[in-house]
There are 2 protein chains.
Amino acid sequence: MFYIESEMTQIRPFTQAIDRLKTVHLRPTRQRLGLVRLLFEGGNRHVTAEQLHAEAQAAQIRVSLATVYNTLNQFTAAGLLREVTVEAGRSYFDTNVSDHHHFFHEDSGRLQDIPSDQVQVKDVPPPPPGTAIARVDIVVRLKSQEK
Amino acid sequence: MFYIESEMTQIRPFTQAIDRLKTVHLRPTRQRLGLVRLLFEGGNRHVTAEQLHAEAQAAQIRVSLATVYNTLNQFTAAGLLREVTVEAGRSYFDTNVSDHHHFFHEDSGRLQDIPSDQVQVKDVPPPPPGTAIARVDIVVRLKSQEK
DNA sequence: GTGATTGCAAATCTTTTGCACTAAA
DNA sequence: TTTAGTGCAAAAGATTTGCAATCAC
C-alpha cells in the first residue's frame, strides 16, 4: 500500500470498471471504461443514449453516439443494465437491474425507482398456455399536481 | 321501422360511428368513419398505425398513413383510445379505455388484456410531493415456453 | 363560403448498420 | 498478428409537419 491518497482515488475506480467489464467478457476499451464510470459511479441512474452521450462529451470522454447506443445494448444483453420502456420512441436504461418498479414523471420524462418491497402485485394471472412470465413491469405515471 | 334487414345492418353501424365522433366533437369525415368502424365494431383491439392502415386498405377505405397517425392521436386525446407503451419504437392503441392491464407476448408483439379485477397492486406507494398518480400500468411480459 | 380535414412528400427523431480504421489480447 | 471495437456517414423505421387541395357545416 504505497499509493498516496489522490492516486488511490484515481486508480481504484478504474480497476472496478475494468473488472466489471471483464466479468461480462467485454474488452475494457477506453470508450466502455468511460461509460461504465459515468453509469455506475454514483448510485442508480436512468439514462437515454442521447443523455449519456452528452455527459460523456462534457466529461471529455470522446465517444460517438453510435458507440453509446451499441454499448448500452451490449451492457443490457450482458445484464449490466436493464431497458425500461415508458414512452414510445425513447429508450431508458436503468443501472439498477434488481427487481423493482418505476415512477414516471410524464412532464419531465424523469424515471424514479420504486423498491420492489414497496409495491406488490397481488394475484398475477397465470400466463397463457405455452408461455412463461419473463417479467412484470409496473409503471406509476405521475402528473404534476394541479391546484 | 321500415328498413329491410339488410339495410338495417348497413345503416345502424354508420349511425353509431357518427354518434361516437359527434360525442367527442370530431367531424365525421369519410376517413374517420371508416377507422371508427374498423376499430370499434368487433370487440377490444390493440393496433399499431401501420396495422390499421393496412386493414383500411384491405377494406377499401382510402386513407393515408399520415391521417391514420393523426386520427389515432386525436382519438386518444378524445378518450376514445388509450395508448399502450410496451416497446420503444412502436405505439399500440387499445380500444379498451377502462381500467385494465396487459400481457405482452414478446416474440409476436401481441398484446392481450388482463381485466383489472384479475390483478391488484397492493400498496401503491404515495406519489412524490407535488405530483399525482395519472395511471398505473402493469405489463406482464411473456416469452414462449422453452421445453 | 369558411374553417376543419386530408394527402402527399418532406422533415424529424431515434436507433441500427456497413465498412475502413484502430486498438486490445 | 488476429479479432474485437470504434467512428462516421448512410440507412432504416416510426412518427410528425407544411401546405395546397378538398370536404363538412
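All residue numbers refer to position in the chain's written sequence, counted from 1. For naming, the first written chain is A and the first written ligand is 1, with later ones following in the order written. Since the coordinates come from a predicted model, pLDDT governs what is reported: local features require at least 70, and pairs of side-chain atoms require 80 or more to be given and counted, while whole-chain, interface and lining totals use all residues. As a rule here, side-chain values cover all heavy atoms of the structure and leave hydrogens and water aside.

To continue, consider the packing of aromatic side chains. All names here are of chain A. Pairing of aromatic side chains here covers Phe, Tyr and the six-membered ring of Trp, requires ring centres within 6.5 Å, and sorts the geometry by plane angle: under 30 degrees stacked, over 60 edge-to-face, intermediate tilted. Enumeration according to the criterion identifies 2 aromatic pairs over all chains in this entry. Ring centres of tyrosine 92 and phenylalanine 104 lie 6.4 Å apart, and the angle between their planes is 75°; this geometry places the pair in the edge-to-face category. Note that tyrosine 92 is positioned in strand E3 (residues 90–94) and phenylalanine 104 in strand E4 (residues 100–105), a separation of 12 residues in sequence. When accessible area is computed with a 1.4 Å probe and restricted to protein chains, residues below 20% of their type maximum are described as buried, those above 50% as exposed, and intermediate ones as partly exposed. Judged by relative accessible area, which is 3%, tyrosine 92 ranks as buried. Of the residues examined, phenylalanine 104 reaches a relative accessible area of 2% and is grouped as buried. Charge over a ring is defined by NZ of Lys or CZ of Arg lying within 6 Å of the ring centre and within 35 degrees of the ring normal. Over the aromatic face of phenylalanine 40 sits the side chain of arginine 20, whose NZ or CZ is 4.2 Å from the ring centroid. The secondary structure listing takes helices from DSSP runs of H or I that are at least 4 residues long and strands from runs of E that are at least 2 residues long, numbered from the N terminus.

Once that is clear, we can look at the protein's contact with DNA strand D. It suffices for a single heavy atom of a residue to lie within 4 Å of a molecule or strand for the residue to be listed as near it. Inspection of the region around DNA strand D gives 18 residues, with A:Thr29, A:Gln31, A:Arg32, A:Thr67 and B:Tyr69 positioned closest. Backbone sugar and phosphate groups make up 80% of those atoms of DNA strand D lying within 4 Å of the protein. We define a polar contact as two N or O atoms separated by no more than 3.5 Å, with the added condition that, inside protein, one atom must be a possible hydrogen donor and the other a possible acceptor, whereas residues neighbouring each other in sequence contribute only through side-chain atom pairs. Between DNA strand D and the protein, one listed contact pairs a sugar or linking oxygen with a side-chain N or O atom of A:Arg27 at 3.1 Å. At 3.4 Å, a backbone N or O of A:Arg62 approaches a phosphate oxygen of DNA strand D. Counting residues per element, the ones that place at least two in the surface near DNA strand D are helix H2 (30–40) and helix H4 (65–77) of chain A together with helix H4 (65–77) and strand E3 (90–94) of chain B. In terms of residues, the surface near DNA strand D owes the most to one element, H4(B), which gives 4 residues. Polarity classes work like this: nonpolar for Ala, Val, Leu, Ile, Met, Phe, Trp, Tyr, Cys and Pro, charged for Asp, Glu, Lys and Arg, and polar for all others, with Gly in that last group. Its residues assigned to classes, the surface near DNA strand D comprises 5 nonpolar, 8 polar and 5 charged.

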